[in-house]
Amino acid sequence: MEGLLSVSVGTVFWASVAFLCVLVIMKRMAWGPIMSSLKDREEGIANALRQADLAKEEMSRLQASNEDLLREARNERDRILNEAKAMSDKMRNDAVGRSQEEANRIIAKAQAEIENQKQAAITDLKNQVAELSVNLAEVLLKDSLTDDQKQKALNHSLIKEFGAN
Amino acid sequence: MLCVDYFCTAKNGFVMVRLYQFLFIIGFLGMTSVAIAQHEGHASEPVAHDQVSVEQPAHADTNSHAHTDSLAHASHDTAHAEGEFKIGEMIMHHISDAHQIHLGGSLYIPLPIIILHEGHLDVFSSSNFYSVNEQGELDYHDYKGYRNHHEMIEFVGENASHDAHGHKVMDFSITKSVFGMMLVIVLMIILFRSVANKYKRNVGKAPSGFQNMIEPFILFVRDDIALPSLGKKKAALYTPFLLTVFFFIWMCNMLGLVPFLGGFNITGTLSITLVLAAIVFIITSVSGNKHYWGHIFWPPGVPGFVKVILVPIEFMSIFIKPCVLMIRLTANITAGHIIILAFVGLALMFGQQSPVAGYGVGVGSVLFMAFMYCLELLVAFLQAYVFTLLAALYFGDATQDHHAEHDHGHEHEIQHAH
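Given the structure is predicted, the values throughout are model-derived calculations rather than measurements.

J.: Mind showing me how you'd approach the overall build of chain A here?
T.: Of the regular secondary structure elements, chain A holds three helices and zero strands. Secondary structure elements of chain A, listed N to C terminal, follow the sequence α-α-α. Looking at chain A as a whole, 11% of its 165 residues qualify as buried. Accessible surface, chain A as shown: approximately 13300 Å² in total, 60% of it carbon and sulfur.

Given below as structure tokens:
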């Protein structure tokens, strides 16, 4: 019992020396590097998590803006398509109108030409008829004038015909 | 009492939950070491258990012959002197510090004796004090005028008689406990150096191997002992000490449970726990701030006549706290050893009566011993934890600043009430 409860100066001395040694050695050699690398690692993990959160946020933000862009692009496309469609319709209508007009114009021109030609032909015909009539009259006159009877009768008829007026 | 109070008041559920986790782990480890525990039963006693019941009676006979022969050698050997087995002496012999390590049988490792006597150092091997007899027991004799009287070195002078009274000398010997402590220190340095190197090598990688095994305990001390008790700012300053104390005590406790090593009882040696408690006391006192001392010598918000009662109590508590720390650790570890040895002794005692009784009791003894061994593995961890936690709480108490006071006001009061 005395051995158990007594305190030995020598043991106290060795225990003090030994414990202080181990404290200093462990602090310098083990706890320092271990604690610092634990801290580094924890900070690294915390950083990584924060970065991941940021990235996620960025991702969702990008996704939202992407969707906006997409929607915008779609609208733009629709707008452009509609516009193009309208434009093409208009162009087609214009072209159709114009060609109609042209056709009308050509037809009118053709009709005018035809009219002219007709008039010319009529005039020509009249001239020829007149000439033929003159020639015919000449022949007739020549014939009637050679005979006095005939000449008188002619004069008569002529005076009759024109003298009335 | 103090211990229980601290458990209840301090650190609430969180620490307890963590503690239970560790208790389960350690309990599980304990189960696997049943086989080892049984071996310890054989190893811790020079006469192995299974031989006991058969050989003990014969053994006792030869002992009585040996007894008469060795009287001149002033034999102190316990079982020997009376010719019969004395359980109390056997247990005391095993849990007390010694100047040699008994590995079992007649295998003794002598340790250096260093004596400061009348101003000069005497250094010699402890094997000069004894010779090992046929039973594997020690016959003590004097050397150079020194006598090993129940492991206390005395100076009796040359040719002193058997019952001469010597006077005590300054004994700086490397005793069993001191040797065990040094062994633990060497182990700790080797172990943690490799772990620290691993940390340096494994930067940015997950922990692996032994580092992985040690890391939960380091984090446990840092996050569940130091941080809650000391707060974030001050924890960094005290964590190295707390880690050292924790692993030192734990490994000392565990070394005491390793069979075939001579049954170290390092943390059951009062001189060693005294040093640990004294260091805690010194650190607490040195780091104690105005607030801490003010609380002790002029407790605020207390009427004058209560102060008269309270101040001496508070003052005494400064010393009582580390004393309790010291006694708790020593008592717990020693008690564990005593219980295991008692079961060994039980088998031996019955074996002396009759072989059948020896075997019969032996079976039960071994079962109980295995159970106790599991419990001791747990206690080894628990006591290291308790010591470290209380040290951290004392440091926290000493360095607490005024703001934190209100947060822990309740805890503080309860603590002070004791």
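Right, picking up where we left off after that structure.
J.: How do you make sense of the environment of B:Y199 when you look at a structure like this?
T.: Looking at where B:Y199 falls in the secondary structure, it is placed in helix α7 (residues 176–201). Its relative accessible area of 3% is what places B:Y199 among the buried residues. Sequence separation of B:Y199 and B:Q211 is 12 residues, and the distance between their C-alpha atoms is 7.6 Å. Those residues in contact with B:Y199 that sit more than four places away from it in its chain are A:I34, A:S37, A:L38, A:R41, B:Q211 and B:E215. In this structure the side chain of B:Y199 is engaged in a polar contact, spanning 2.6 Å, whose partner is the side chain of B:E215.

J.: Please explain the pattern of salt bridges as it appears in this structure.
T.: Note on pairing: side chains with opposite charge can pair once their charged atoms come close. For the structure on display, the rule yields 15 salt bridges over all chains. The salt bridge partner of B:R222 is B:D223, with a shortest N-O separation of 2.9 Å. Exposure remark for B:R222: the relative accessible area of 13% places this residue in the buried category. By relative accessible area, which is 27% here, B:D223 ends up partly exposed. Shared partners join several salt bridges into a network, and the residues in it are A:E42, B:R222 and B:D223.

J.: Mind showing me how you'd approach a nonpolar patch on the surface here?
T.: Together, A:V9, B:L116, B:L121, B:V123 and B:M170 give the surface a local cluster of nonpolar side chains, amounting to about 430 Å² of exposed area. Looking at the element boundaries, B:M170 is found in strand β10 (residues 170–171).

J.: Quick question: what am I supposed to make of the interface of chain A and chain B here?
T.: A common measure of how large an interface is: the accessible area buried when the components associate. The interface of chain A with chain B comprises 34 residues on the first partner and 48 residues on the second. At the boundary of chain A and chain B, one finds two salt bridges. B:R222 is the salt-bridge partner of A:E42, the closest N and O atoms lying 2.7 Å from each other. Counting every contact that joins chain A to chain B gives seven residue pairs in polar contact (both at pLDDT 80 or more). Of all elements in the fold, only α1 (2–5) and α2 (9–145) of chain A reach the threshold of two or more residues within the side of chain A that touches chain B. Across the side of chain A that touches chain B, the residue classes break down as 23 nonpolar, seven polar and four charged.

Thresholds applied
Residues numbered from 1 in each chain as written. Chains lettered and ligands numbered in written order. Predicted model: local features only at pLDDT ≥ 70, side-chain atom pairs only at ≥ 80, totals over all residues. Heavy atoms only, no water. Helix = DSSP H or I, 4+ residues; strand = E, 2+ residues; numbered from the N terminus. Buried < 20%, exposed > 50% of the residue type's maximum accessible area, 1.4 Å probe, protein only. Areas by Shrake-Rupley, 256 points an atom, 1.4 Å probe, with all protein chains shown as cover. Contact = heavy atoms within 4.5 Å. Polar contact = N/O pair within 3.5 Å; in protein donor to acceptor, adjacent residues only side chain to side chain. Salt bridge = Lys/Arg side-chain N within 4 Å of Asp/Glu carboxyl O. Patch = residues over 30% accessible without salt bridge, like charges linked within 9 Å, V, L, I, M, F, W, Y side chains within 5 Å. Nonpolar A, V, L, I, M, F, W, Y, C, P; charged D, E, K, R; others polar.

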